[in-house]
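Survey of secondary and tertiary structure
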Amino acid sequence: MSPGSKLGAGVLLSRLLCTTAIFRVKFDVVTTAGPGSFVVKVDETWAPIGAARFKELVEAKFYDDTRFFRVIPSFMVQFGLSGDPKVSEEWRSKTITDDPVKKSNKPGYITFAKTGAPHSRTSQLFINYADNARLDGMGFAPFGEVEGDGMSVVKQIYNCGEQPDQGMIQSEGNSYLDSDPSFGGKLSKIVSARLVPEGGEL
């Protein structure tokens, strides 16, 4: 093999590795502005364990028909509790190991929520509305970002504050979220979340 051939193979391998480290997920949602969508671009090198869990949950259709249940416009929007209590129970104990924080929690970056305990991430996610660099030192590791003008959709998510009770969501699911007199029927929701085929249309 000539030196030129070796260089070509090396470049090809480098490009392949770069390509496989990226995947995208399209969220079809309903917000205060009506039906819409946004795409999350995931770079697996940022937080490999978190990225793998996110892909696993998307492939399991975990986020389909779920609600955005914690919204603080100056901070972030949180989601990732199933509308089906049985599914919530199944995933609650499936914690994953923490990733080192390689990227800061900038606006539009997506990160797993967790408790104060180490290795407590499961399925809950949040999208940063603001520059939340203070979270970096607390172990919150972003694994992707909302692409393009997607944040214009994310910012239309209904502001429910912190009214929904997470314990009630886990025990009663969407029946609680859709019927509570304070916010029932108002919460923005995820209709579906799907992996975008490589080179496919969004």
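The rules behind these values
- Each chain carries its own residue numbering, running from 1 in the written order of its sequence.
- At least 70 in pLDDT is required for a residue's local features to be given in this predicted model, at least 80 for side-chain atom pairs to be given and counted, and no such filter applies to totals for whole chains, interfaces and linings, which use all residues.
- Side-chain numbers here rest on the full set of heavy atoms in the structure, without hydrogens or water.
- The term nonpolar core refers to a set of buried residues drawn from Ala, Val, Leu, Ile, Met, Phe, Trp, Tyr and Cys, joined through side-chain atoms within 4.5 Å.
- Working definition: with a 1.4 Å probe on protein chains only, accessible area under 20% of the residue-type maximum means buried, over 50% means exposed, and in between means partly exposed.
- The rule for a salt bridge is simple: a side-chain nitrogen of Lys or Arg has to be within 4 Å of a carboxyl oxygen of Asp or Glu.
- Segments assigned H or I by DSSP are reported as helices when at least four residues long, segments assigned E as strands when at least two residues long, and all are numbered from the N terminus.
- We call two N or O atoms a polar contact when they sit within 3.5 Å, provided that within protein one can donate a hydrogen and the other can accept it, with sequence-adjacent residues counted only if both atoms are side-chain atoms.
- Contact criterion: two residues are considered in contact whenever any of their non-hydrogen atoms come within 4.5 Å of each other.
- How far a helix is expected to stretch is found by multiplying one less than its residue total by 1.5 Å.
- What the arc measures is the spread of directions leading from the helix axis to the C-beta atoms.
- When two rings of Phe, Tyr or Trp (its six-membered ring) have centres within 6.5 Å they constitute a pair, described as stacked for plane angles under 30 degrees, edge-to-face for angles over 60, and tilted for the intermediate range.

Below, the discussion takes up the nonpolar core. Side chains that are nonpolar tend, in soluble globular proteins, to be buried together. Among the nonpolar cores identified, the biggest contains 41 residues, and Phe 27, Phe 54 and Tyr 63 are the most heavily contacted of them. Residues Phe 75, Met 76, Ala 113 and Leu 135 belong to the second largest nonpolar core, which totals 7 residues.

On inspection of all chains with the given rule, the structure shows 10 salt bridges. Across the pair Arg 194 and Asp 64 runs a salt bridge, and its minimum N-O distance is 2.8 Å. Pair noted here: Arg 194 is in strand E9 (residues 189-195) and Asp 64 is in the loop between helix H2 (48-59) and strand E3 (66-67), with a separation of 130 residues, a long-range link. Close ionic contact of Arg 67 with Asp 65 constitutes a salt bridge, the shortest N to O distance being 2.9 Å. A single salt-bridge network, built from bridges that share partners, covers Asp 65, Arg 67 and Asp 178.

For Lys 61, which is not glycine, the phi torsion reads 60 degrees and is therefore positive. Inspection of the secondary structure assignment puts Lys 61 in the loop between H2 and E3. One non-glycine residue, Asp 65, adopts positive backbone phi at about 55 degrees. For Asp 65, a relative accessible area of 38% translates into the label partly exposed.

Right, let's talk about the side chain of Arg 121 for a bit. Mapped onto the fold, Arg 121 is located in the loop between strand E6 (109-112) and strand E7 (125-128). For Arg 121, a relative accessible area of 2% corresponds to the buried category. Of the polar contacts made by the side chain of Arg 121, one reaches the backbone oxygen of Thr 97; its length is 2.5 Å. The residues touching Arg 121, leaving out its near neighbours within four places in the chain, are Ile 49, Gly 50, Arg 53, Lys 94, Thr 95, Ile 96, Thr 97, Asp 98, Asp 99, Phe 112, Ala 113 and Lys 114.

Okay, H2 next. The end-to-end C-alpha distance of H2, which contains 12 residues, comes to 16 Å, matching closely the 16 Å that a straight helix rising 1.5 Å per residue would cover. For H2, the set of buried residues is Gly 50, Ala 51, Arg 53, Phe 54, Leu 57 and Val 58. Buried residues in H2, looked at end-on, bunch into an arc of 165 degrees, giving them a common side. Within two residues after H2, Lys 61 carries a phi angle of roughly 60 degrees, on the positive side.

Now for the packing of aromatic side chains. Using the criterion set out here, one finds 14 aromatic pairs in the structure. Seen from their ring centres, Tyr 63 and Phe 79 are 5.8 Å apart, and the 70 degrees between their planes marks the pair as edge-to-face. Placement of Tyr 63 in the loop between H2 and E3 and of Phe 79 in strand E5 (residues 76-79) is noted, with a sequence separation of 16 residues between them. Under the relative-accessibility criterion, Tyr 63 is labelled buried at 0%. The buried category is assigned to Phe 79, whose relative accessible area is 0%. Relative to Phe 140, the ring of Phe 126 lies with its centre 5.8 Å away and its plane at 70 degrees, an arrangement referred to as edge-to-face. In this pair, Phe 126 sits in strand E7 while Phe 140 sits in the loop between E7 and strand E8 (142-146), placing the two residues 14 residues apart along the sequence.

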